[in-house]
Amino acid sequence: MTTQIQHATGMSQRGFTLVEMMVAITISVFLAGGLLMMVQSTRNAFGNQQLLAQLQDNQRLVMTFMAEVVESTGYFPDPVHNTNTGVFPLTGTFAASTGQAVWGTHTVGLGGDKIWIRYAAAQNDASIFNCKGLTNTTVAPYDVFVNEFWVNTAVAANPVLTCRVSSTAIPQVDIPLVNGVQNLTILYGIKKNTAADTGSCADTYLNATQMAGPDWSNVCAINVSMSFVNPLNPAGPPIIIQRVIATMNAAGVNS
């Protein structure tokens, strides 16, 4: 009887063998590694979603802002007493056509195209602003805003869509708008076939190099395309956002 009790007690005090401990540790390491991989994968997915969400916000905001400026092309107040040829004389960049309110250059490669837009804002008209976000509060009866959109590639790894603005009351200043824009492509909508009514003000879209002198006064729509660096694959193909913007001078606002 005593022998059986001692044997039972000895069995109850028996611990893990070395092999059992190594197996348990190995299993624990595999489980911990799997858990860490799951956590890292979740963190990477969340980080990628944040990068894409930021890109979408940048695209939406900058395109909305640029559209607000571009659609004002050729606008001027009080058309009873003012004319486009009087408000927008042949001068400086705008020297291709009488009454010209838009001008551009076409470049193949990093940075791409540039576009200049001008329009007039009456004094204290809070609905017409420039790309600096300012309205005309000082110049009577109106001030002509000139806005140039271009991609600043001074730092090739971080190109910046920029607006250069000036007017009678505003010294020329550059306004950085958004990072990561590799290329800006601009096409100008004009009507070449005046004999046919297509139901649209534009039947042809041309880049700046293809535009003839008189075409610049007949631009009624502007196709803006921006190429953004892909935050998930910076060396890969860019992400492109595009929008066609009707201009006020063709929409009957100032007529």
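Everything in this summary refers to the structure shown in the same document. (Residues numbered from 1 in each chain as written. Predicted model: local features only at pLDDT ≥ 70, side-chain atom pairs only at ≥ 80, totals over all residues. Heavy atoms only, no water.)

### Examining the packing of aromatic side chains
- Scanning all chains against the criterion turns up 4 aromatic pairs.
- Ring centres of Trp103 and Trp216 lie 4.8 Å apart, and the angle between their planes is 45°; on these two criteria the pair is classed as tilted. Pair noted here: Trp103 is in strand S1 (residues 102-105) and Trp216 is in the loop between strand S8 (204-206) and strand S9 (221-228), with a separation of 113 residues, a long-range link.
- Residue class for Trp216 comes out buried when judged on its relative accessible area of 3%.
- With a centroid separation of 4.9 Å and 70° between ring planes, the pair formed by Tyr188 and Trp216 is classed as edge-to-face. Pair noted here: Tyr188 is in strand S7 (residues 181-190) and Trp216 is in the loop between S8 and S9, with a separation of 28 residues, a long-range link. (Phe/Tyr/Trp six-rings, centres within 6.5 Å; stacked < 30°, edge-to-face > 60°. Helix = DSSP H or I, 4+ residues; strand = E, 2+ residues; numbered from the N terminus. Buried < 20%, exposed > 50% of the residue type's maximum accessible area, 1.4 Å probe, protein only.)

### Remarks on the side chain of Gln59
- Tracing the backbone through its elements, the reader meets Gln59 in helix H2 (residues 18-70).
- In this structure, Gln59 is in contact with Phe228, Ile239 and Ile241, ignoring residues within four places of it in sequence. (Contact = heavy atoms within 4.5 Å.)

### Looking at the state of the cysteines
- Per the stated rule, a full pass over the model turns up 2 disulfides.
- Two residues, Cys131 and Cys163, share a disulfide whose sulfurs are 1.8 Å apart. Disulfide Cys131-Cys163: the torsion about the S-S bond is -90°, which places it as left-handed. Separated by 32 residues along the polypeptide, Cys131 in the loop between strand S3 (114-122) and strand S4 (142-152) and Cys163 in strand S5 (residues 160-166) bring together distant segments of the chain. There is no split in this pair, since Cys131 and Cys163 are both buried.
- Shown here is the disulfide that connects Cys201 with Cys220, its sulfur atoms set 2.0 Å apart. Around the S-S axis, the bridge from Cys201 to Cys220 shows a dihedral of about 90° and counts as right-handed. Here Cys220 lies in the loop between S8 and S9 and Cys201 lies in the loop between S7 and S8, a separation of 19 residues in the sequence.
- A relative accessible area of 37% means that Cys201 is categorised as partly exposed.
- On the basis of relative accessible area, Cys220 is assigned to the buried category, the value being 4%.
- When the cysteines engaged in disulfides are numbered in sequence order, the chain pairs them as 1-2, 3-4. (Disulfide = S-S within 2.5 Å.)

All we've got here are geometric facts, nothing functional implied.
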